[in-house]
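Here's the letter readout for the chains.
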Number of protein chains: 2
Amino acid sequence: MVHGLREQFETDLQSITDDLVEMTHLVGSAMGRATTALLDADLTLAESVIEADEHVDTLRTDLDERALVLIARQAPVATDLRTLVTALRMSADLERMGDLARHVAKLARLRYPSSVIPAELRGTILEMGQIAERLVVKAGSIIAQRDIKAAAQLETDDDEMDALHRGLFSLLMAPDWKHGVETAVDVTLCGRYYERYADHAVAVARRVVYLVTGEPYIPPAS
Amino acid sequence: MVHGLREQFETDLQSITDDLVEMTHLVGSAMGRATTALLDADLTLAESVIEADEHVDTLRTDLDERALVLIARQAPVATDLRTLVTALRMSADLERMGDLARHVAKLARLRYPSSVIPAELRGTILEMGQIAERLVVKAGSIIAQRDIKAAAQLETDDDEMDALHRGLFSLLMAPDWKHGVETAVDVTLCGRYYERYADHAVAVARRVVYLVTGEPYIPPAS
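Below is a summary of the structure that appears in this document.

What to know about the nonpolar core
- Counting residues in hydrophobic clusters, the biggest one holds 146 residues, and the most contacted among them are A:Leu38, A:Ile117, A:Tyr194, B:Leu38, B:Ile117 and B:Tyr194.
- Among all residues touching A:Ile117, those that are not within four sequence positions of it are A:Leu38, A:Leu39, A:Arg122, A:Ile125, A:Val187 and A:Cys190.

Spelled out as structure tokens, the structure:
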């Protein structure tokens, strides 16, 4: 590749990375606002999350298109190729995270003006929402900086999410559960949305590790 | 590309297509057997599904590796490139379908020797399992034959799955539900596994349509 082409290619790659980081901001904000909408039974906020998800989908489609054009035209090899293929996978994870935030918002909208979450579970859901936001902020900085040390911390956050998710199930299944089946079903789905969201954030981080080291990240057995 | 190289490339592409079709067989069989394990509370069968999923994961890793090597070495353009990138996406869908079948089997194992599914829901779950298997058989033949007409039929099957899924929720939420919260939670998760499985099968079919026509498949509003 002659010098000018290489520079153009670097610019194009950087703009793809920037868009991935932008997607982490959008889906992080979406999950934060969806959690608030859920806990406050705020219909307006829920609807804004549902509508905003389209922008994430558009960003993803646009990013994928550009990555594919680059692969086709530049025939990149080694790290450049891996970077582009990894970008396609990360955009898929991030789009899915946007969908999951939208699912949480839809649940808030479906039950409005009632609140989905009983008082004694609000703390757990709030914490799940906060961990989800922390995870995606870290994923964004891992994408931007290729900081693979931070990827290990993200696994710890994900363990916390799993523990909260298990705790939620114990409460649902306890003999003294008094909120009926409809609420149990709603909370079950909510819990799964947060947990899957976290899984995708971890997948994003692991993809960066693989990109940088060429080795899949195997978390230590916990 | 000289003649011999082109022939080798065609052979490599075909072997990737063959492996995708093989993955549809494996994840279809996994969901069929997971459904039986769930309905019969069959621990041995459940465990065999859980163990077999590793093979799907291995197939996917291997297929992805080969597709990436082809992209890197052959610098394919146009349809060839699209075929390879689509293969990477389909392998991700199919691996996820394997995970979802494993989740169903794990639920059967978790509740063993009890049965997860109350008598009056067995019919619905059986039908969801059957539609899941039909969907993946069709997806396999769509991959193998690039039969984009069949892709439209698959959307109809998916509508049936959605209707069954909604029906399941109505039963769970009905005031005369008498199986308690634990079962409601289990059935909620099960329902979601089947529904997501179907969504991924539809995604596979849509990817083939996009590959063949260059246009995303937009299903008619239902």
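Moving on, there is more to tell.
Some details on the relation of the copies chain B and chain A
- Each copy superposes on the other: chain B lies on chain A with an RMSD of 0.0 Å after a rotation of 180° and an axial shift of 0.0 Å. A rotation of that kind, with that shift, is consistent with a two-fold axis.
- When the interface residues of chain B are mapped onto chain A, 100% of them again lie at the interface, so the same face is used by both copies.

Examining the interface of chain B and chain A
- The interface is formed by 32 residues belonging to chain B together with 32 residues belonging to chain A.
- When chain B packs against chain A, the two sides together hide about 2,400 Å² of surface, and 68% of this comes from carbon and sulfur.
- Counting the contacts that link chain B with chain A gives two salt bridges.
- One salt bridge connects B:Arg89 with A:Asp64, and the closest N-O pair in it is separated by 2.7 Å.
- Where chain B touches chain A, the interface holds two residue pairs in polar contact (both at pLDDT 80 or more).
- Secondary structure elements with two or more residues in the side of chain B that touches chain A: α2 (43-74), α3 (78-111), α5 (148-173) and α6 (180-213) of chain B.

Description of the pattern of salt bridges
- As enumerated under the stated definition, the model contains 40 salt bridges over all chains in all.
- The partner of B:Asp53 in a salt bridge is B:Arg102, and the shortest N-O contact between them spans 2.7 Å. In this pair, B:Asp53 is assigned in helix α2 and B:Arg102 in helix α3, connecting sequence segments 49 residues apart. An identical accessibility class is assigned to B:Asp53 and B:Arg102; each is buried.
- Taken together, the salt bridges that share partners define one network made up of A:Asp53, A:Arg96, A:Asp99 and A:Arg102.

Quick word on the packing of α3(B) against α6(B)
Residue and element names in this part refer to chain B.
- As a packed pair, α3 and α6 sit with axes 9 Å apart at the nearest point and diverge in direction by 165°. As far as their axial angle goes, α6 and α3 are roughly antiparallel. When the axes of α3 and α6 are compared, the crossing they make is left-handed.
- Of the residues assigned to the contact of α3 with α6, the class counts are 16 nonpolar, four polar and nine charged.

Here's the deal with the environment of B:Met97
Residues and elements named next belong to chain B.
- Relative to the elements of secondary structure, Met 97 occurs in helix α3.
- The class of Met 97 is buried, set by a relative accessible area of 0%.
- Expressed as a C-alpha distance, the spacing of Met 97 and Gly 28, which sit 69 residues apart in the sequence, is 8.5 Å.
- Apart from residues lying up to four places away in sequence, Met 97 is in contact with Val 27, Val 136, Tyr 197, His 200 and Ala 201.

Thoughts on the packing of aromatic side chains
- By the definition in use, this model includes zero aromatic pairs over all chains.
- The ring of A:Tyr210 carries A:Arg82 above its face, with NZ or CZ at 5.9 Å from the centroid.

A word on the environment of B:Pro113
- For B:Pro113, the location among the structural elements is in the loop between α3 and α4 (122-145).
- Distance from B:Pro113 to B:Asp42, taken between C-alpha atoms, is 8.0 Å for residues 71 residues apart in sequence.

Structural notes on the side chain of A:Asp99
Residues and elements named next belong to chain A.
- Looking at where Asp 99 falls in the secondary structure, it is placed in helix α3 (residues 78-111).
- With a relative accessible area of 12%, Asp 99 lands in the buried category.
- Residues contacting Asp 99, with those up to four places away along its chain left out, are Asp 53 and Asp 57.

Analysis parameters
- Residues numbered from 1 in each chain as written.
- Chains lettered and ligands numbered in written order.
- Predicted model: local features only at pLDDT ≥ 70, side-chain atom pairs only at ≥ 80, totals over all residues.
- Heavy atoms only, no water.
- Core = buried A, V, L, I, M, F, W, Y, C linked by side-chain atoms within 4.5 Å.
- Buried < 20%, exposed > 50% of the residue type's maximum accessible area, 1.4 Å probe, protein only.
- Contact = heavy atoms within 4.5 Å.
- Least-squares fit on C-alpha atoms with pLDDT ≥ 70 in both.
- Buried area = accessible area lost by both parts, 1.4 Å probe.
- Salt bridge = Lys/Arg side-chain N within 4 Å of Asp/Glu carboxyl O.
- Polar contact = N/O pair within 3.5 Å; in protein donor to acceptor, adjacent residues only side chain to side chain.
- Helix = DSSP H or I, 4+ residues; strand = E, 2+ residues; numbered from the N terminus.
- Axes fitted to C-alpha atoms, helices over the stretch in contact; angles between N-to-C directions.
- Parallel < 35°, antiparallel > 145°, perpendicular 65-115°, else oblique.
- Left-handed = near helix turned anticlockwise from the far one by under 90°.
- Nonpolar A, V, L, I, M, F, W, Y, C, P; charged D, E, K, R; others polar.
- Phe/Tyr/Trp six-rings, centres within 6.5 Å; stacked < 30°, edge-to-face > 60°.
- Lys NZ or Arg CZ within 6 Å of the ring centre and 35° of its normal.

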